[in-house]
Every structure is written in C-alpha cells, then in structure tokens.
Amino acid sequence: MSAVAVALLAVTGLGLSTGTAGADTGSLRLSEATTVGVHNTYDKGAYTYLADALDAGAGMIELDAWFNIFTRKWNVSHSNPLGSDNNCVQAKSPTANLHTGNRDQNLNDCLDDVNVWLAQHPGAGPLTVKLELKAGFDATIGMGPAHLDDYVRTSLGSRVFKPADLMGGKYATLDDAARANNWPSRSALAGKVIVEVIPGTVEEGNPTDHLWTDVEYARYLRDLAAAGHADQAQIFPAVHNSAAGDPRTRYSETNLRPWFVVFDGDASSYVDGGIDTSFYVNNHYYLVMTDAHNVKPAIDDTNPTEQQAKDRVALLAAKGASVVGTDWRKLTAVLPEVLPRT
C-alpha cells in the first residue's frame, strides 16, 4: 500500500475500521473480529510520534507506565521509572498537530494524543490501548487503580468502552456479559477505546511484590460493582500469560475470576503449545496474542514480507486471537487488517 493510500485511509477514518479480507467487518461484534497491534508503540525508535502508529492503522497500541513517587504522575518509558521517554506530545486541542511538539510526556498526554487523533478520524476504531504497569500500582502514595482510572477518564472521557458498558445494566459480572456475547459491533464502537491493563515485567520479577496489577485492579472493579458503582471503572484487567484450560483458576480469590474477560499471552504458547483456544472463542473472551512472529515457523520480528505477515495474522485469527501483537511497524498494508475471528 502506498504512502498516499495510507494517508487517505487515515483521513477518512478507515484505517482501523475497514478490513482487507472483503468481509463486512463493521457488523462483527468485538468478540468476533481479529485486529493487529504494535508492541511498545510509544517508543521513538518505533514511531517518531504516537500518531504515526495510528495513521498506519494499528488496532492496538501499547504504553508502558511507571508510577513516579516524586511527581505522583505516571511516566511512560521502557526502563526509566523517574522520567518519560516516549513519542507522545501535549495535544489538547481537537485541531492540534500531533506530528510536532515536545515529546517525552506523561501518560495523560499520551492518552490525550489518542483522544485528539480519534476526534480527527471519527470513523476509526475501536482502538485497544494496552497499559503495562511496569512496577504495578502503589496505592500507599495514592497511585492505585482509582488514580489510573482518573487518567483514563480525564483524557478519553466518553470514548472509553468501560466494563459497565459490556455488562449493559443486565449482567452481574463481566463473565456473564461476555458469555452472553454482549459485546457491541465494531461499527457501534467507532471512535471508542478499550483499555486493558497487565502486570509489568518489573512487578512480575519482584519477589517482594505480592499484589500484582491484575489482582489489584480486579479487586477494585469487583468492589465498585458490589457498591453499585461499576460505571466508575474505566479499564479491563487482563489475565497475563497463557495457560491451558481456564487461566483464571490461578486466582485463589474465586470471586475475582468473573471480572476477567480479557486475556493476554504469547502467541506461540497458544499455537505451538497446543492450548485449546476454543475456550476463548466459545465464551466470547477478548484474547491478545503477543509476539506473533515467534509462532513456528518464526518470521522476522520487525520486517517480514507482507505475505508472511498476512498469513500469520490469518493463522492467529483462525486460532482465536482478538488482537495479534506485533512489531511490524512499517507494514501499513497489514496493520489495518480486520479479519473474522474463528
């Protein structure tokens, strides 16, 4: 696809909403489609500006966030917990130029960029925003789930498709709603954002951290729902890393399990590891398969041929992926793909 064609898709808002498989992908429910995302989208080595990833058609972007004990803000960077290192700018106006300005901004600014880009491309979406909390939460300094929700709510407002929206006022838990396939169609979610949160690599590697992001946010969501305030929650907690059967059995608090309908794990573990992914498809769960290039036979992680990449997306769609996670930053004919999930 030429640069002119990509630009046209972006201007018309078709980059995230029109698939390349010939199907009417807008009529597919969110649980019935497969899209393509880019790992560590905030990295300046990946894209000069975050908006470049959205212009390219990425159906999922990923932001790594660290709580800052001094500023009480969320930094966005790969490895610096005390400062931001990213391609986000401070885009506040609906007409802001997303391809100029000072980068290295905080999480709220990255989310503002998403909000402005979607305002400029009203037909685009839905877009998945994946948050990896590198070191988790720290509620002792006021940087717990409610604070992160405030970031999302303030920057994205009504664009957020929230857990309560899935429940729709008639299902008691997310699990009930997902199994009933209460997900809206993709066309109904145009201009919307689905935010998922996973534990971070530092958190998971910290032997003294016994309360990970997934559990902490799920408790928060469960308790909000019990108090009749589920609508306050902005984010879907994800079960991180794959496992055979129902991965939610890892949670000893059984009343947390119904609050997980998003799952996030390595694609090769699902495909090459022989995990039966019909569990996710039949229950209409949202499954993010990462590192798509590693599935056998492995292909280049950043620059496979277009056909190799398309074949890999089709394979993972057939294996039940909702989102195919990649580092294929330049494959602008692949990133906008939307395929039926089977």
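Scroll up for the structure.
Bear in mind the structure is a predicted one, so any value in this text is a computation, not a measurement.

## Describing the nonpolar core
Part 1: Counting 106 residues, the largest nonpolar core has W74 and L107 as the members making the most contacts within it.
Part 2: A total of seven residues in this core trace back to one element, the largest contributor, which is helix α3 (residues 107-120).
Part 3: Not counting residues within four places of it along the chain, the set of residues in contact with W74 comprises A65, W66, F67, N106, L107, L133, G136, F137, M143, H147, L148 and Y151.

## Overview of α3
Part 1: For α3, built from 14 residues, the straight-helix expectation of 20 Å at 1.5 Å per residue is met to within 8% by its first-to-last C-alpha distance of 20 Å.
Part 2: Most of α3 is tucked away: 10 of the 14 residues are buried.
Part 3: For α3, every residue scored as buried is listed here: L107, D109, C110, L111, D112, D113, V114, V116, W117 and L118.

## Some details on the side chain of D264
Part 1: Here D264 lies in strand β7 (residues 262-266).
Part 2: Side-chain polar atoms of D264 contact the side chain of K130, separated by 3.0 Å.
Part 3: When residues no more than four places from it in sequence are discounted, the contact partners of D264 are K130, E196, I198, A238, V239, H240, N241, Y270, V288 and T290.

## Quick notes on unusual backbone geometry
Part 1: Residue P126 follows G125 across a cis peptide bond; omega there is 5°.
Part 2: Along the chain, the position of P126 falls in the loop between α3 and β4 (127-133).
Part 3: For the peptide bond that leads from K296 to P297, omega is -10°, which places it in the cis range.
Part 4: Turning to its location among the elements, P297 is positioned in the loop between β8 (286-290) and α11 (306-318).
Part 5: You will see that N40, though not glycine, has its phi angle at about 50°, which is positive.
Part 6: Note on placement: N40 falls in the loop between β1 (33-38) and α2 (50-55).
Part 7: Non-glycine residue D291 carries a positive phi angle of around 50°.
Part 8: Tracing the chain through its elements places D291 in the loop between β8 and α11.

## Quick notes on the side chain of D214
Part 1: Take D214: it is sitting in helix α8 (residues 213-226).
Part 2: Residue contacts for D214: discarding those within four places in its chain leaves P199, P237, A238, Y251 and F260.

## Some remarks on the pairing of strand β6 (residues 236-240)
Part 1: Here β6 lies mainly inside the structure; five of its five residues are buried.
Part 2: The side-chain alternation of β6 yields two buried faces, one formed by F236, A238 and H240 and the other by P237 and V239.
Part 3: Relative to β6, strand β5 (residues 193-199) runs parallel, the two being bridged by two bridges. Residue pairing across strands places V197 opposite P237, the latter belonging to β6.
Part 4: The pairing of β6 with β7 spans three bridges and is parallel. Note that in β7 the partner of A238 across the bridge is V262.

Definitions and cut-offs
- Residues numbered from 1 in each chain as written.
- Predicted model: local features only at pLDDT ≥ 70, side-chain atom pairs only at ≥ 80, totals over all residues.
- Heavy atoms only, no water.
- Core = buried A, V, L, I, M, F, W, Y, C linked by side-chain atoms within 4.5 Å.
- Buried < 20%, exposed > 50% of the residue type's maximum accessible area, 1.4 Å probe, protein only.
- Helix = DSSP H or I, 4+ residues; strand = E, 2+ residues; numbered from the N terminus.
- Contact = heavy atoms within 4.5 Å.
- Expected span 1.5 Å × (residues − 1).
- Polar contact = N/O pair within 3.5 Å; in protein donor to acceptor, adjacent residues only side chain to side chain.
- Pairing = 2+ DSSP bridges.

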